[in-house]
Amino acid sequence: SLVYDTYHTIRLIRDIQKLSGELACHRYIISQCDSIQNVLEVFFLIRTIWRSDSINIDIVPLFEKVQDLQNAGGIMQSMYQNATYRSHVRSRSDNQTIMLGFSDGTKDGGYLMANWSIYSAKESLTTISREHGIKVIFFDGRGGPPSRGGGKKHKFYASLGHKISNTEIQLTIQGQTVSSSFGTLDSAQFNMEQLLNAGIYNDVLADHSNTLNQNHRDLLSTMAQRGYEAFVDLKNHPKFISYLTVISPLNYYNETNIASRPSKRKQTNSLVLDDLRAIPFVSSWSQIKQNVPGYFGVGSALEAMEKEGKWSEVEDLYQSSLFFKTLIENTEMAMKKCFFPLTIHLQNDPEFAGLFKTIYDEYIRSEKYVLKLTSHKSLMEDYPADALSIDIREKIVQPLLTIQQYALMQLRKPEYRESDLKSVYEKLIIRSSFGIINAARNSV
């Protein structure tokens, strides 16, 4: 049971520390933290099980959803004002680690809102922590693709400004990027130097070129809201869940046996979007080459700014803010990896034509306005080597994508649902995923 597993996990942490020292296991991360109660429950549970008022564990709240990110400052303010917890932080050298989740933030609020909410949460958490004499350390849950906080991540760190603590850079290095980023001495050295350079660059320039002014902040907030509204409308479409489960290989993700966790938080027969983990969510969109989490809402936001007469302000923001420029560059990467001819048959599908049109129209809108903003003729024009790398890899996986999409199409036909060929098509879907995902692990 959950209670049994939790109890023994906490006991195991103490056993590991006794055997291998505190640094071997000294963090307890609270996934989807949304209240002070979530933190205090864990804190007092550990103290109770350990039978000690002094615990050598950092309690790490993980804020993921948009609302949780917006409430993060208030939650930590309350935590710091709790005398018992404040004493615990003091025993941890006045250090507080806080984790921020890009993956679930994007799944919840879309690309622009997630990134802006995380940036704003970091500012708020830094201010509150400094007021209490606490050094806050941000542990970023960044994945490989832009829709999970990946892409050119070093540029994000170089653009934080002085209002965000970055005395340390901590981020997750997940399976799909370990080999490509740190698999050889040269690549490991290069990527570590990139992050080190980002920290130094930000510290040197934090007082001027990296700090957003109030007009920029207001504009980013407005665009994030417009993008959020477009993304929520998409998720609220009555066919959204069935589209993802029928057109993509989402239902077969667990069968590939390559994920670190189950695809869903609750193992029920029906799929509820909140229960779906962000990795299979993003991966499924990637395997049908629509990459919705990486750009959807960007075009709508930029179009809205043009209609409201704020286009010159957007151009000024792009030219003066490395943070916003990096957002745009990463969404270019997400769009560059799209290939709508793979699923163009859906434009005549009696069930999904409307939803496909909504997604494709937003892609076209996003590409149009991003190219207008950057004054480029093609996506990723500033990064020709990276663009070529993507083109080469996409051509390699396109045969696998075609086979997989064909198998998914066949399984939609009534005559194949109960036939002997059903298992054959299912194997084609799963085995195609191996090659597609392996290519993605090493993609730019």
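1. Things to note about a nonpolar patch on the surface
- Nonpolar side chains collect at one region of the surface, where Ile-403, Leu-421, Val-424 and Leu-428 lie side by side and expose about 290 Å² of accessible area between them.
- Counting residues per element, the nonpolar patch draws most heavily on helix α19 (residues 421-441), which supplies three residues.
- Judged by relative accessible area, Val-424 falls into the partly exposed class, the value being 41%.

2. Focus: the packing of aromatic side chains
- Within the structure shown, the criterion is met by 18 aromatic pairs.
- Between Phe-356 and Tyr-360, the aromatic rings sit 6.0 Å apart at their centres with planes inclined by 15°, giving stacked as the arrangement. Residue Phe-356 and its partner Tyr-360 are both found in helix α16 (residues 353-374); the two are separated by four residues, about one turn of the helix.
- Classification of Phe-356 by relative accessible area gives buried; the value is 2%.
- The exposure class of Tyr-360 is partly exposed, given its relative accessible area of 29%.
- A centroid spacing of 6.5 Å and a plane angle of 10° characterise the contact between Tyr-360 and Tyr-363, whose relative ring orientation is stacked. Note that Tyr-360 and Tyr-363 are positioned in helix α16 at a spacing of three residues, about one turn of the helix.
- With relative accessibility at 11%, the residue Tyr-363 sits in the buried group.
- Three or more aromatic residues joined by ring pairs form one cluster here, namely Phe-240, Tyr-243, Phe-281, Trp-285 and Phe-352.
- Stacked on the ring of Tyr-383, the Lys or Arg Lys-152 has its end atom at 4.0 Å from the ring centre.

Rules and cut-offs
Residues numbered from 1 in each chain as written. Predicted model: local features only at pLDDT ≥ 70, side-chain atom pairs only at ≥ 80, totals over all residues. Heavy atoms only, no water. Patch = residues over 30% accessible without salt bridge, like charges linked within 9 Å, V, L, I, M, F, W, Y side chains within 5 Å. Areas by Shrake-Rupley, 256 points an atom, 1.4 Å probe, with all protein chains shown as cover. Salt bridge = Lys/Arg side-chain N within 4 Å of Asp/Glu carboxyl O. Helix = DSSP H or I, 4+ residues; strand = E, 2+ residues; numbered from the N terminus. Buried < 20%, exposed > 50% of the residue type's maximum accessible area, 1.4 Å probe, protein only. Phe/Tyr/Trp six-rings, centres within 6.5 Å; stacked < 30°, edge-to-face > 60°. Lys NZ or Arg CZ within 6 Å of the ring centre and 35° of its normal.

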